[in-house]
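Letter by letter, the chains look like this.
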Amino acid sequence: MKISGSEALWRALLNEGVDTVFGYPGGAIMPVYDALYDFQDSVRHILVRHEQGAAHAAQGYARVTGRAGVAMATSGPGATNLVTGIADALMDSVPLVCITGQVFANLLGTDAFQETDVIGVTIPITKWNYQVTKAEEIPEAIAKAFYIAQKGRPGPVLVDITKNAQVELFEYQPRKVDNLPNFFPRPALKESAIAQAVEIINASKQPLILCGHGVLISGCEQELQQLAERADIPIACTLHGLSSIPSTFPQYVGMLGMHGNYGPNRLTNKADVIIAVGMRFDDRVTGKLSTYATEAKVIHIDIDAAELNKNVRALVGINADAKEALQAILPGVARAQRPAWFAQFAECHEKEYATVIEREILPSEGELKMAEVIHQLSELTAGEAIVVGDVGQHQMISARYYRFAKPHSWITSGGLGTMGFALPAAMGAKVAAPEREVIAVIGDGCFQMTIQELGTIAQENLGVKAVILNNNFLGMVRQWQELFFDRRYSFVEMKNPDFVAISKGFGITAERVSERSELTAALRRMLETDGPYVLEVMVEKEDNVFPMVPAGACVSDVRLE
C-alpha cells in the first residue's frame, strides 16, 4: 500500500525509536503535522514557543538519554531559528536530528515565500545534511541521519524535506543503516599505542587525568575511576566532564578551566604525564598554548582523529572510543601511591578554600552571594539533581559549587556559550528523566532570551525548577569590564521586568527572595512543590567569580582574587 512522504517520515522516526519531538508547525511542514495527527499515541510532540527552544530542548533530551534529540521546524525563519542550537550541538558533541520543511522542489532557488537555503546555511555546523526532494528518499535519509548523528563523535544532522516530497505517495519500506562508505565511527585500537601509554603511565611520578565530555558519551566512568584508583592519579574535569566523576571520589581534585579550581590549573604545569580522555584542549582549559603543560608527556584519547595534535601535541595519540581504550590500558597499569603529589593538590585546595570558597559559600553578612545559593541547593538535593546551567557567572558558580553525585547531572552550553540555553534545555532534560529533579540555574540576562518557553513548561506541566540569580547585570561581561577595562561599564546594567509576575502570568508558581534568612525555606518550598517553579534570588550586584585564568595567560597564573 502506498503512503505519503509525511506518513513515511513518522514511520521512519518510530523505526529509530523516537518517542519525543520538539517542534513548531508552519506552512512548509504542514503536511507532516497533518500526518502527526494520526501518530499522537506513539510520539509525544512538544510545542515550543520558538524554534531555538526546540533545538535546545532536543539537546537537553539527548544529553540525558544519550540518544539523538529531534527538533522540527518549517522553512525559512523556522529553519534559521534552529541554527544557534545546531551550532551549539556541534561544538558540544550532542546528537540531534533536525527536520525542516521546504518549499516545493520546483520553486527551489526562486526566492519563494519562506524559502531559505538551509542546506547551505548549515553545512559548516552539521555532521551531515541532506535535502529530500522525492518521497521515496525519506526512509533512507532518516535512517542515515540517526546513524551519523549518534555514531562516532556525536553531533547534529539536518534533513530538509520539500513540500512535494511530503505529499507524494510511494511504496514504503522501512530502512535501517548499520554502516556507510567512508564513515568509520569506531576506529580500531592500535596495540602499540596502548602499550606505549601503559609504559608512560607506569613510569610517571606526577600524572594527571583530564576528564572530558567524551567520558560520559562513551560511558567509561567506571573504567576511568578504576584507572585513577589503581595508579593513584588525580582526576580533574573539564566543564562538560563534570558529573562523570562523583565530587566525593577520593582522586577527584576539581574542575579545569578559566574559572576552575586552583590546584588543577596551577599544577597542570607540574605534571610529568597528562592523560586526556575525551576532551579537546580548548582555549578555556589550556590558556596560553605555548606555556601549557610544558613538563608533561601527553597521552590523548579521543574518538575524533581531528582533535589529536590539533591544539596540544600528544606523545601518544589514541584515536579510539574512550571506553575501549581504557579497557585496553587498565590490565597493564601498575598499582601506585602518590601521597606527595596529592599533598600539592591539598595545599592548593586549602589556599583556595581560605581565600575564595569559605567567604563565597558561608558569608556572614552583606547581600546574598551566588555561591551560597548553589551550595545550599547542592546540600538540599544531596547532589542528585540534574542541573542545567545557562551561560555566564551563574554557570561557572554552578559548575564550581554543585557537588555532583550521579553521571549525566550537568548540562550546559560550553563551546558556543549560548545565552538562553538553560530553560529550554531543562525542558528536554525533564522530559527525558521525569523521575529526577531538574533545576535550571539562569542569570537575569539569559532568562529574558528564552523566557517564552515558560509557556511550553506550563502547557506540558513539566516539573522544571528555575532558579534566577538576579544581579541586574550581564554579570560576566561586567566582571571583565571591571578587571580589564577600568570599570568602564558599557551597556551591561539591566532594568529587568517582574520575573515573578511574568511567571505567574504563565500559571507557574513563583517567588522572590533577597534576604539570607529567607533562602533555605524558599529553596525547600521550590523543591517540595509538584510541577514547575520559578525562584528569583536577588544576589550581590558586583560579585565576581574566582579563581580566574585571564584570557591569554598561562594556567599557572590563575588568580585567586
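Heads up: the structure comes first, above all this text.
Given the structure is predicted, the values throughout are model-derived calculations rather than measurements.

Right, let's get into the layout of surface pockets. Of the voids in this model, the second largest pocket is the one considered here, and its volume is about 590 Å³. The wall of the second largest pocket is formed by 32 residues, among which Y252, G254, N261, H349 and R403 lie closest to the centre. Taken together, the elements giving at least two residues each to the lining of the second largest pocket come down to β11 (252-255), α12 (262-266), α15 (339-361), α16 (370-381) and α17 (393-401). Of the residues forming the lining of the second largest pocket, the biggest block, 9 residues, is contributed by α15. Along the lines of polarity and charge, the residues of the lining of the second largest pocket split into 21 nonpolar, 7 polar and 4 charged.

With 102 residues, the main nonpolar core has I318 and V537 as its most contacted residues. Residue contributions to this core peak at 7 residues, all from α15. Excluding residues that lie within four positions of it along the chain, I318 makes contacts with L189, A193, I194, A197, I299, H300, I301, D302, L308, A325 and I329. Ranked by size, the runner-up nonpolar core spans 53 residues in total, among them A54, F421, A422 and C446.

What follows concerns the environment of Q459. Mapped onto the fold, Q459 is located in helix α20 (residues 454-460). Separated by 412 residues in sequence, Q459 and L47 have C-alpha atoms that sit 8.7 Å apart.

A contiguous nonpolar surface patch, about 230 Å² in accessible area, is contributed by F104, L107 and V167. Relative to the assigned elements, L107 resides in the loop between β5 (96-102) and α6 (118-122). Looking at L107, the relative accessible area reads 33%, which means it is partly exposed.

Further remarks concern the pairing of strand β4 (residues 69-73). With 5 of 5 residues buried, β4 lies mostly within the body of the structure. Burial along β4 is two-sided: G69, A71 and A73 and V70 and M72, pointing in opposite directions, are all buried. Examined bridge by bridge, strand β2 (residues 20-23) and β4 share 2 bridges and lie parallel to one another. The residue of β4 that forms the bridge with F22 is A71.

Another point: the state of the cysteines. For the structure shown, the criterion picks out 0 disulfides. For C220, which is in no disulfide, the shortest distance to another cysteine sulfur is to C211 and amounts to 7.3 Å. Summary of cysteine pairing: C237 is not part of a disulfide, and the nearest cysteine sulfur, belonging to C211, is at 3.9 Å. Look at C237 and you get buried, because its relative accessible area is 0%.

Quick look at the packing of aromatic side chains now. All told, the structure shown has 11 aromatic pairs when counted by the stated rule. Measuring from centroid to centroid gives 5.8 Å for Y147 and F183, while their planes differ by 75 degrees, and the two rings are edge-to-face. Of this pair, Y147 sits in helix α7 (residues 138-150) while F183 sits in the loop between β8 (169-171) and α9 (191-203); the two residues are 36 residues apart in sequence, bridging distant segments of the chain. Judged by its relative accessible area of 10%, Y147 is buried. Looking at R478, its charged tip hangs above the ring of F473, at a distance of 5.8 Å from the centre.

Basis of the calculations
Residues numbered from 1 in each chain as written. Predicted model: local features only at pLDDT ≥ 70, side-chain atom pairs only at ≥ 80, totals over all residues. Heavy atoms only, no water. 1 Å grid on protein atoms, 1.4 Å probe; cavity = no way out; pocket = protein on both sides within 12 Å on 5 of 7 lines; lining within 4 Å. Points joined across faces, edges and corners; volume = space filled by probe spheres on them. Helix = DSSP H or I, 4+ residues; strand = E, 2+ residues; numbered from the N terminus. Nonpolar A, V, L, I, M, F, W, Y, C, P; charged D, E, K, R; others polar. Core = buried A, V, L, I, M, F, W, Y, C linked by side-chain atoms within 4.5 Å. Buried < 20%, exposed > 50% of the residue type's maximum accessible area, 1.4 Å probe, protein only. Contact = heavy atoms within 4.5 Å. Patch = residues over 30% accessible without salt bridge, like charges linked within 9 Å, V, L, I, M, F, W, Y side chains within 5 Å. Areas by Shrake-Rupley, 256 points an atom, 1.4 Å probe, with all protein chains shown as cover. Salt bridge = Lys/Arg side-chain N within 4 Å of Asp/Glu carboxyl O. Pairing = 2+ DSSP bridges. Disulfide = S-S within 2.5 Å. Phe/Tyr/Trp six-rings, centres within 6.5 Å; stacked < 30°, edge-to-face > 60°. Lys NZ or Arg CZ within 6 Å of the ring centre and 35° of its normal.

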